[in-house]
Every structure is written in structure tokens, then in C-alpha cells.
Amino acid sequence: MTYTSTTLVTALEEAVNAFWRQTRWFHEPLTVGRARMFVLQHRLNTRYRNSVLKLRVASQIPHWDLRMGLLRAVSQEVVADQEYGRGKPHWQILKELGLAIGLTEAEIENARPLPSTRLAWLAWEGLMSNHHWLEGIVASTVAERINVPGCGEGEIRERGWFAVERWHWKDLFGLSDEQLWFFDMHGDADKEHSALGFEAVARYATELGMEEAVLAAAQDTLGIWTLYLNGISAGGDALDRELAGYAS
Ligand SMILES: [Fe+2]
Ligand SMILES: [Fe+2]
């Protein structure tokens, strides 16, 4: 199949739609265990992806502006976000969300990655360390598109995942707007983060003859996100059984 940059971007969006269809989290209710597991795993995940994997990608990007764009996103996640995060890195904001839903500092800080999280990291490492930089950018940014309106169906398509997700957390835990800030700040942050990848693809994929490779990288990385998020759903269900007093 021959792609123009426009049809390739459409194909990437279709890959995000498939990710939405095949991932449990987007179709099942939030529970206390799932929410807690999300915080525990996602804090680890954002730290690892941004302090290790995306840095490797950035070091391979030959275009200065693009490299700096990725490093800017990385530093918002793990160092300090002056633009959207009131000076805090995103993992710190996520930790505060965890404390608001009843996790302790020790539980958050001592959390270990689930086996599914570890497998996801290993799989992403393949895509983000040993592939062309453009595939690395796609692996770094394409999933953040789900937080921008236009993918999936229904409310998520209209408003983006986190804009919908915040209401589930509000309903379940009665959180204030202040406590839900992790979700609210991500609309704008991820518009910028995902645009970086989509613009890089539109600009360079055809010139490099990498349309198919870029699309495969998007499908692979989104498949890994499904594995990772389904692991959180399953781990959260186990936590719910523990909380209810059953052996899991
Ligand atoms: Fe973030
Ligand atoms: Fe982001």
C-alpha cells in the first residue's frame, strides 16, 4: 500500500482506535483495586519510559528541534513540568493522586512492577533501543493520542480518555478538582506530546520510505500498551479480591 502523509496519519489514528477497542480499561468500570493498581504501576511506568527509554530515542534523533521536543516532554514527566504541572513532574502528581485514593506513601514507593509491566518494558526496549529513530518517536508518543479528542468512540472520542476518566475517579472516590488534576492537566500536555510524534511522521516517513515501518511500530507499541493496561486491570481485580477478604 502506498501512503501519503495524510493517509498515513489516518492509518495511525486507526491503530489508536484498535488499541481503544482491544483494551479492557476503556470498557470496564473503575474499581478501587484497579485505580490503586493504575497509580502503582503507572508511576513506575512513566519514570522508566521517560528516564530510560525515551532518552535513548532522543539521543538517536538527528534533527535538533525534534530531539529537544522529545526531551522537553521527557523532562515534564520526570524532572519538572512548569507548563502544565505547576512545577511538579507527572509521576509526583500521580503519587498525590494515589495518596488521595487511600494508598500510603510506603505502598506507592515500594511498589514493584507487575510481570506484565516488566514484559511491556522489555518489549518497548526492543522498539525504542534497536530501531530507527522515527519508529522510536512513534513508540514514544503515539499512545498519548488517546488523551486528545478524536480517537475511540463515544465520550472518549469527544473529549479524550483522561477527560472522561477523571469523572470515574470523582464518582468512585469523591475527589476534588484539585485532587483530579493529574487527569485535567494531561489534555493539553498530551496534545503537545502526541503532536510531536504525528508531526514527525507526517514530515519524515515518506521521505525516508518508512511508511510501513512507522505503522508497524505504532501497532506494536499500542499492542504493548494493551498488554500493560490489561495487566493493570487484572492486577487491580486481584487487589479487589484481597480487599474483599478473599484469597486471590
Ligand atoms: Fe504525563
Ligand atoms: Fe504525556
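These numbers were taken from a predicted model, which means no experiment stands behind them. (Residues numbered from 1 in each chain as written. Chains lettered and ligands numbered in written order. Predicted model: local features only at pLDDT ≥ 70, side-chain atom pairs only at ≥ 80, totals over all residues.)

A. Spotlight on unusual backbone geometry. Phi is positive for Arg-86, which is not a glycine, with a value near 50 degrees. By the element assignment, Arg-86 lies in the loop between helix H3 (64–78) and helix H4 (90–100). (Helix = DSSP H or I, 4+ residues; strand = E, 2+ residues; numbered from the N terminus.)

B. Up close: the nonpolar core. Judged by nonpolar contacts, the single largest core of 64 residues is most densely connected at Leu-12, Val-16, Val-138, Val-214 and Ala-218. Those residues within four positions of Val-214 in sequence are excluded, and the remaining contacts are Leu-8, Leu-134, Glu-135, Val-138, Val-201 and Ala-205. (Core = buried A, V, L, I, M, F, W, Y, C linked by C-beta atoms within 7 Å. Buried ≥ 20, exposed ≤ 12 C-beta atoms within 10 Å, placed from the backbone. Contact = placed C-beta atoms within 7 Å.)

C. View of helix H7 (residues 133–141). Across the nine residues of H7, nine count as buried, placing the element largely inside the fold. Looking only at H7, the buried set comprises Trp-133, Leu-134, Glu-135, Gly-136, Ile-137, Val-138, Ala-139, Ser-140 and Thr-141. Close packing links the buried residues of H7 with helix H2 (32–60), H3, helix H6 (115–129), helix H10 (181–204) and helix H11 (211–243).

D. Structural context of the packing of H2 against H3. Close contact between H2 and H3 brings their axes to 9 Å; oriented N to C, the two are set at 165 degrees. Taken together, the axes of H2 and H3 lie roughly antiparallel to each other. Between H2 and H3 lies a crossing whose hand is left-handed. Only Arg-67, Leu-70, Leu-71, Val-74, Glu-77 and Val-78 of H3 make contact with H2, whose side of the interface consists of Thr-46, Arg-47, Asn-50, Ser-51, Lys-54, Leu-55, Val-57 and Ala-58. Looking at side-chain class alone, the contact of H2 with H3 contains seven nonpolar, three polar and four charged residues. (Axes fitted to C-alpha atoms, helices over the stretch in contact; angles between N-to-C directions. Parallel < 35°, antiparallel > 145°, perpendicular 65-115°, else oblique. Left-handed = near helix turned anticlockwise from the far one by under 90°. Nonpolar A, V, L, I, M, F, W, Y, C, P; charged D, E, K, R; others polar.)

E. Focus on the environment of Val-148. With respect to the helices and strands, the residue Val-148 is situated in the loop between H7 and helix H8 (154–159). For the pair Val-148 and Arg-159, spaced 11 residues apart in the sequence, the C-alpha separation amounts to 6.9 Å. Apart from residues lying up to four places away in sequence, Val-148 is in contact with Gly-160, Asp-190, Lys-191 and Ser-194.

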